[in-house]
Amino acid sequence: MIEDIQKTDEPEHIKAAVIKEGIRALAFLPLVSQGMLIGKFMVYYEQRHEFISAEVELATTIAKQLVFAIERLKSETATKKITDELRESEERFRLMSEQAPVMMWMSDSNGKCIHINRMLRQFWNVSEHEVVDFDWRTSMHPNDTTEIVTRMTEALTNKVSTSIEGRYKNAQGAYRILHTDARPRFSSDGSLLGMIGVNVDITERREAEQLRREMTDADRYRILVEAITDYAVYLLDPNGNVASWNPGARKFKGYTSSEIIGQNFSIFYTPEDQAAGVPQS
């Protein structure tokens, strides 16, 4: 608090600069927030002025209120920034999820779906506004329901990841085998928010594996022979008749299957070779 700038020990050039601004008496109150100087509150008088305690208390109160207002503004700005960043992050996730070539979903802590991406919505024929009321459990095969629900409930309870396969009915009413990888998601304070997961349709893969398990040696031989196109491979019965042949044999010999199956292999030889004696089976 300076009652008269002219009666201070300040350098003459400072006194002159202050007086030039029309200031004779002044009060300076630093604004401090969390131990750091963030500004100042100034009171000016054109004439000499003696500051009484009531004025000092009023100026101090105003300064404190200014600090409070600045801190609140900073807090609101920071909160808005965080909110904007979260909104942008959520929008980026939504766009990524919508364009993803796999089925993605997100649930709350009770296992209820709160997000289903486009590919999965198409699988179940669920629109965006129907997601909040959609119960994914209704699409499960009755024989798979107990295990899937139990495994997902355990993952939520124990806050751990899980992988499981099960049959789900699609929009066309057909059951498809989906492989699900799910993991828990948490808030910044560590609270469980729910699960996030990816479903992959592995129906064809599982059917192919089942077919391979059920195949006989004869089936494997047939598939192998049919795959050979650069060589003629044919099978004769004990009488020397053609029992089967592959695409390579059809290409090189020039016969269709209906023309050659059941014919004696001697048909492959010219009349001259046959007259000379064709090897017997």
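From a predicted model like this one, the values you see are computed outputs, not experimental measurements. (Residues numbered from 1 in each chain as written. Predicted model: local features only at pLDDT ≥ 70, side-chain atom pairs only at ≥ 80, totals over all residues. Heavy atoms only, no water.)

## Some words on the overall build of the protein
Part 1: Counting secondary structure elements, the protein contains nine helices and nine strands.
Part 2: Computed over the C-alpha atoms, the radius of gyration of the protein is 43 Å, more than 25% above the 19 Å expected from 2.2 N^0.38 for a compact globule of 281 residues.
Part 3: Counting only residues that meet the buried cut, the protein has 28% of its 281 residues in that class.
Part 4: Put simply, 33% of the contacts in the protein that link residues at least 6 apart link residues at least 24 apart.
Part 5: Put simply, the protein shows about 18900 Å² of open surface, and 54% of that area lies on carbon and sulfur atoms.
Part 6: Charged side chains of the protein number 34 positive and 42 negative; the gap between the two group centres comes to 2 Å. (Helix = DSSP H or I, 4+ residues; strand = E, 2+ residues; numbered from the N terminus. Rg over C-alpha atoms; globule rule 2.2 N^0.38 Å. Buried < 20%, exposed > 50% of the residue type's maximum accessible area, 1.4 Å probe, protein only. Contact = heavy atoms within 4.5 Å. Areas by Shrake-Rupley, 256 points an atom, 1.4 Å probe, with all protein chains shown as cover. Lys, Arg positive; Asp, Glu negative; His and termini not counted. Charge placed at Lys NZ, Arg CZ, Asp CG, Glu CD.)

## Concerning the nonpolar core
Part 1: With 22 residues, the main nonpolar core has Ile116, Leu120, Phe123, Trp124, Trp136, Ile148 and Tyr168 as its most contacted residues.
Part 2: Looking at this core, the elements with two or more residues in it are β3 (103-107), β4 (113-116), α3 (118-124), α4 (142-158), β5 (162-169), β6 (175-186) and β7 (192-201).
Part 3: When residues of this core are assigned to their parent elements, the largest contribution, four residues, is made by α4. (Core = buried A, V, L, I, M, F, W, Y, C linked by side-chain atoms within 4.5 Å.)

## Here's the deal with the packing of aromatic side chains
Centre-to-centre distance and the angle between the planes together describe a pair of aromatic rings.
Part 1: The final tally for this structure, using the stated rule, is four aromatic pairs.
Part 2: Seen in terms of ring centroids, Phe123 and Trp124 are 6.0 Å apart; in terms of plane orientation they differ by 70°. Their pairing is edge-to-face.
Part 3: The interplanar angle of 65° and the centroid separation of 6.4 Å between the aromatic rings of Trp124 and Tyr168 together place this pair among those described as edge-to-face. A residue pair is termed long-range when its members are at least 10 positions apart, and Trp124 in helix α3 and Tyr168 in strand β5 qualify at 44 residues. (Phe/Tyr/Trp six-rings, centres within 6.5 Å; stacked < 30°, edge-to-face > 60°.)

## Here's the deal with the environment of Ser89
Part 1: Mapped onto the elements of the fold, Ser89 is located in helix α2 (residues 53-99).
Part 2: Overall, Ser89 belongs to the partly exposed group, its relative accessible area being 34%.
Part 3: Remark: the alpha-carbon pair of Ser89 and Thr157, spanning 68 residues in sequence, is separated by 27 Å.

## Things to note about the pairing of strand β2 (residues 36-45)
Part 1: Here strand β1 (residues 25-33) runs beside β2; their pairing, made up of nine bridges, is antiparallel. Following the sheet pairing, Phe28 is matched in β2 by Met42.
Part 2: Following β1, the chain reverses through two residues before pairing antiparallel with β2; Gln34 in that reversal takes a positive phi of roughly 55°. (Pairing = 2+ DSSP bridges.)

## Examining the layout of surface pockets
Part 1: Of the volumes computed, that of the largest pocket is approximately 370 Å³.
Part 2: Forming the boundary of the largest pocket are 14 residues, of which Glu90, Phe93, Arg94, Met106 and His115 lie nearest the centre.
Part 3: Of all the elements in the fold, those that place two or more residues in the lining of the largest pocket are α2 and β4.
Part 4: Here the element with the most residues in the lining of the largest pocket is α2; it accounts for six residues.
Part 5: Counted as a void, the second largest pocket has a volume near 240 Å³. (1 Å grid on protein atoms, 1.4 Å probe; cavity = no way out; pocket = protein on both sides within 12 Å on 5 of 7 lines; lining within 4 Å. Points joined across faces, edges and corners; volume = space filled by probe spheres on them.)

## Quick notes on the pattern of salt bridges
Part 1: With the rule as written, the count across this model stands at twelve salt bridges.
Part 2: Measuring nitrogen to oxygen at the nearest pair gives 2.9 Å for the salt bridge that ties Arg176 to Asp201. With Arg176 in strand β6 and Asp201 in strand β7, this pair connects stretches of sequence that are 25 residues apart.
Part 3: Connected via shared salt-bridge partners are Glu98, Arg118 and Arg121. (Salt bridge = Lys/Arg side-chain N within 4 Å of Asp/Glu carboxyl O.)

## Concerning unusual backbone geometry
Part 1: Even without glycine at this site, Gln34 takes up a positive phi of about 55°.
Part 2: Residue classification places Gln34 among the exposed residues on the basis of a relative accessible area of 77%.
Part 3: In this model, Asn125 sits at a positive phi of 60°, which is unusual for a non-glycine residue.
Part 4: Counting through the fold element by element, Asn125 comes out in the loop between α3 and α4.

## Quick notes on α4
Part 1: In this model, α4 (17 residues) spans 25 Å end to end at C-alpha, consistent with the 24 Å of a helix rising 1.5 Å per residue.
Part 2: Every buried residue belonging to α4 is among Asp144, Ile148, Met152, Ala155 and Leu156, and all of these are buried. The buried residues of α4 occupy an angular sector of 95° when the element is viewed end-on, so they sit on one face. Turned more than 90 degrees off the buried face of α4, the exposed positions are Thr146, Thr157 and Asn158.
Part 3: Where α4 ends, the next residue or the one after it, Lys159, has phi of about 55°, a positive value. (Expected span 1.5 Å × (residues − 1). Arc of directions from axis to C-beta.)

## A closer look at the sheet that holds β4
Part 1: A sheet is described by the order of its strands in space; here five strands give the open sequence β4-β3-β7-β6-β5, paired in antiparallel fashion. On the outer flanks of this sheet lie β4 and β5, each paired with one strand and no other. With direction set aside, neighbouring strand axes in the sheet form an average angle of 25°.
Part 2: Examined bridge by bridge, β6 and β7 share nine bridges and lie antiparallel to one another. Bridge pairing in β7 places His179 opposite Val200.
Part 3: Sitting on the sheet, α4 touches β3, β5, β6 and β7, and the angle it makes with β5 is about 145°. (Axes fitted to C-alpha atoms, helices over the stretch in contact; angles between N-to-C directions.)

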